[in-house]
Amino acid sequence: MRSRITSLVVSVVLVLTFGVITAAAFTKTVTIRVEGMKCAKCSASVTKALKATEGVEDAQVSSEKGEAVIKYDDQKLDETKLREVINGTGFKAVEEKKAQ
Amino acid sequence: MTLHGIVFAAIVAFSPATVLGQGAIAPQFTLKDINGRTVRLSDYQGKVVLINFWATWCPPCRAEMPDLVRLQREHGKQGLQIIGLTYPPERKTRVRRFARSLKVNYPIILGTREIKTRFSSEETLPLTVVIDRDGKVSDIISGILLREEFEEKIKPLLKKNMEGEMRNAKSDH
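Values in this document were obtained by computation on a predicted structure and should not be read as measured data.

How each quantity is defined
- Residues numbered from 1 in each chain as written.
- Chains lettered and ligands numbered in written order.
- Predicted model: local features only at pLDDT ≥ 70, side-chain atom pairs only at ≥ 80, totals over all residues.
- Heavy atoms only, no water.
- Contact = heavy atoms within 4.5 Å.
- Buried area = accessible area lost by both parts, 1.4 Å probe.
- Salt bridge = Lys/Arg side-chain N within 4 Å of Asp/Glu carboxyl O.
- Polar contact = N/O pair within 3.5 Å; in protein donor to acceptor, adjacent residues only side chain to side chain.
- Helix = DSSP H or I, 4+ residues; strand = E, 2+ residues; numbered from the N terminus.
- Nonpolar A, V, L, I, M, F, W, Y, C, P; charged D, E, K, R; others polar.

Draft legend 1. Region of interest: the interface of chain B and chain A. Counting residues at the interface gives 16 residues for chain B and 13 residues for chain A. For the pairing of chain B and chain A, the buried interface totals around 1100 Å² over both sides, and the portion due to carbon and sulfur atoms is 65%. Of all residues in chain B, Pro-59, Ile-144 and Leu-146 of chain B give up the largest surface area on contact with chain A, accounting jointly for 36% of the area buried on that side. The interface formed by chain B and chain A holds two salt bridges in total. One salt bridge in this structure joins Glu-149 of chain B and Lys-48 of chain A, with 2.8 Å as the shortest N-O distance. Counting every contact that joins chain B to chain A gives five residue pairs in polar contact (both at pLDDT 80 or more). Taken together, the elements giving at least two residues each to the side of chain B that touches chain A come down to helix H2 (59–75), strand E7 (137–142) and helix H5 (147–172) of chain B. Looking at the side of chain B that touches chain A element by element, the count peaks at three residues for H2 of chain B. In terms of residue class, the side of chain B that touches chain A is built from 10 nonpolar, three polar and three charged.

Spelled out as structure tokens, the structure:
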């Protein structure tokens, strides 16, 4: 009985560990420079459009820095799609600064 | 003033967002559009009205306008009426030139701070106030109007009366 419980616990731990590692492997963070984002009033649309995109886990947009830091699932979308979303809000995604 | 009164006044004074709550009767206005035509909000009673606050220098406002033109064209017969109000105030010639270039098919009015604050104190642009067929504020959409938001928040309001009209038409026969 005890060995069954032990093997069950070990299985659960393995499954959870594998799940977390897999999820982390799919999550990427990218910083995209956004041109023309001069008014703070307008930049809310970039955050909104990014967060509404499937696969985007988080988006922090700064009009002061002129950039968007996006955490996304690279199994669901790629940087090209993220740039398209930003461009769709009227601003221009210019270049990638760094990727993790 | 009681403590409750002071607290309430403070909440109202420092509240950063919406002035009008959901279900509030939309404030009426009568203004001239950029072509000199009088636009009264009351003229659109029974329609689903979107009051879109925008500015020519605001990139997301410009980006969403072709979509608004399309929505007006596709859903106008179902009772959708979009009204564009520039905010902050802008020069008429610039606004008119811009509206013409996009072939805007709904009234464009030069807004004022006073008109804007009647609807919302939120400074985000664009900002769209959704008014239902009963003239009540149904929603205030901050930022660009996403397709999903139109489907979720506006389309049901358009369908509401269509269903009522279909029922009335059936009972007439």
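Draft legend 2. Looking closely at the environment of Tyr-72 of chain A. Residue position: Tyr-72 of chain A is located in strand E3 (residues 67–73). Beyond its immediate stretch of four places on either side in the chain, Tyr-72 of chain A contacts Phe-26, Thr-27, Lys-28, Val-30, Gly-55, Val-56, Glu-57, Leu-77, Asp-78, Glu-79 and Leu-82 of chain A.

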